[in-house]
Structures are given as structure tokens and as C-alpha cells.
Amino acid sequence: MKKYLKDVHSLEELNAFFARMLTDACYHIAEKLDITGGYLSTYFKEKTGMNFLDAVNDVRIRKARELLDRASGLKIQDVAARVGYQNLNSFNRMFKKFTGLTPSEYRQEGGARGGGSKSEE
């Protein structure tokens, strides 16, 4: 891991690195368990009700909501980068999927104080 981390020079690069690791984690875990990634993903969904990638994205969006709530000075693209999204459109789409609002709408409605969340309904 040190070998890969030596090329990381910023917080955004570090977040992107860990995001890639999380996204690939299902298949690495499956390999260690000597099962297929598809089987592990199916098993994970049976036990948790969501697929592995949705679980990873849920964690990212929860963190993004925290950052939007307490660090209102951060630009939305900076929040996206901090939680591991390299593409702002992907972040916006995923944020809306999990909260029912775009990041801008979430911020305008006062975040957790003003708006609800699909994941908490």
C-alpha cells in the first residue's frame, strides 16, 4: 500500500485512491474468500438489502451531507472530491438518488436541519 500511496500528493488524490479501493473491494474480498464477486455481491445484498456499490455510495453521500451541513464554505465540487467522486455529474446524480435532492438543493434547504433524506425515511 505504501508503494501506491507515495504517488498521492493531495487530499483529493487520497480520497480518489480510497474510493477506487472501496469500489474494487468487493472483488478483492471475493478473491480472498475464493468466491466470485457476483456471488459476494448477491450475498451482501441478501444480508443488507443493498448491493455492495450502493453501500459504498451510501457511506460517501452521508459524509458529503456532513460536509455540506458543517462546512458551508466548501464548493460542491470540493465536497465531491473529498468523498471520492472525480466526476461532479456522478456525484450530483448519486446524491439525488440517496437524498432526493441535488447537493445545491440540499444546501439551500438547510441540509439536515431543513430537508429530509430518502435513506432515513
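For clarity, every value in this text was computed on a predicted model and none was experimentally measured.

S.K.: Please give an account of the overall build of the protein that cites residues and values.
M.R.: Counting its regular elements, the protein contains seven helices and zero strands. Along its sequence from the N terminus, the protein presents helices and strands in the succession α-α-α-α-α-α-α. Burial analysis of the protein (121 residues in total) assigns 34% to the buried set. Here the contacts in the protein between residues at least 6 apart in sequence split such that 46% fall between residues at least 24 apart. Element-wise, carbon and sulfur atoms account for 53% of the exposed surface of the protein, whose accessible area totals about 7,900 Å².

S.K.: Outline the environment of Leu40, listing residues and values.
M.R.: Here Leu40 lies in helix 3 (residues 37-48). With relative accessibility at 12%, the residue Leu40 sits in the buried group. Counting along the chain gives ten residues from Leu40 to Ala30, while the straight-line C-alpha distance between them is 6.0 Å. For Leu40, the contacting residues outside a window of four places in its chain are Cys26, Ile29, Ala30, Leu33 and Ile35.

S.K.: Report on the packing of aromatic side chains, specifying residues and quantitative values.
M.R.: Per the counting criterion, the structure on display carries five aromatic pairs. Relative to Tyr43, the ring of Tyr39 lies with its centre 6.4 Å away and its plane at 25°, an arrangement referred to as stacked. Pair noted here: Tyr39 and Tyr43 are both in helix 3, with a separation of four residues, about one helical turn. Of the residues examined, Tyr39 reaches a relative accessible area of 48% and is grouped as partly exposed.

S.K.: Got a sec to walk through the pattern of salt bridges? Specific residues and values, please.
M.R.: Overall, the coordinates contain three salt bridges when judged by the stated rule. Here Lys97 makes a salt bridge to Asp54, at a shortest N to O gap of 3.1 Å. With a gap of 43 residues between them, Lys97 in helix 6 (residues 88-99) and Asp54 in helix 4 (residues 52-70) connect regions that are remote in the sequence. Residue classification places Asp54 among the buried positions, given a relative accessible area of 18%. Between Arg62 and Asp58 there is a salt bridge, with its nearest N and O atoms 3.0 Å apart. Of the two residues, Arg62 and Asp58 both sit in helix 4, four residues apart, roughly one turn of that helix.

S.K.: So what's going on with the nonpolar core? Which residues, and what values?
M.R.: One finds Ile61, Val79, Tyr85, Phe91 and Phe95 to be the most contacted residues of the largest nonpolar core, which totals 16 residues. Contributing elements (two or more residues each) for this core: helix 4, helix 5 (76-82) and helix 6. If we ignore the near neighbours within four places in the chain, the residues touching Ile61 are Tyr85, Phe91, Met94, Phe95, Phe98 and Thr99. By size, the runner-up hydrophobic cluster in this structure holds six residues, among which are Ala25, Leu40, Phe52 and Val56.

Calculation rules
Residues numbered from 1 in each chain as written. Predicted model: local features only at pLDDT ≥ 70, side-chain atom pairs only at ≥ 80, totals over all residues. Heavy atoms only, no water. Helix = DSSP H or I, 4+ residues; strand = E, 2+ residues; numbered from the N terminus. Buried < 20%, exposed > 50% of the residue type's maximum accessible area, 1.4 Å probe, protein only. Contact = heavy atoms within 4.5 Å. Areas by Shrake-Rupley, 256 points an atom, 1.4 Å probe, with all protein chains shown as cover. Phe/Tyr/Trp six-rings, centres within 6.5 Å; stacked < 30°, edge-to-face > 60°. Salt bridge = Lys/Arg side-chain N within 4 Å of Asp/Glu carboxyl O. Core = buried A, V, L, I, M, F, W, Y, C linked by side-chain atoms within 4.5 Å.

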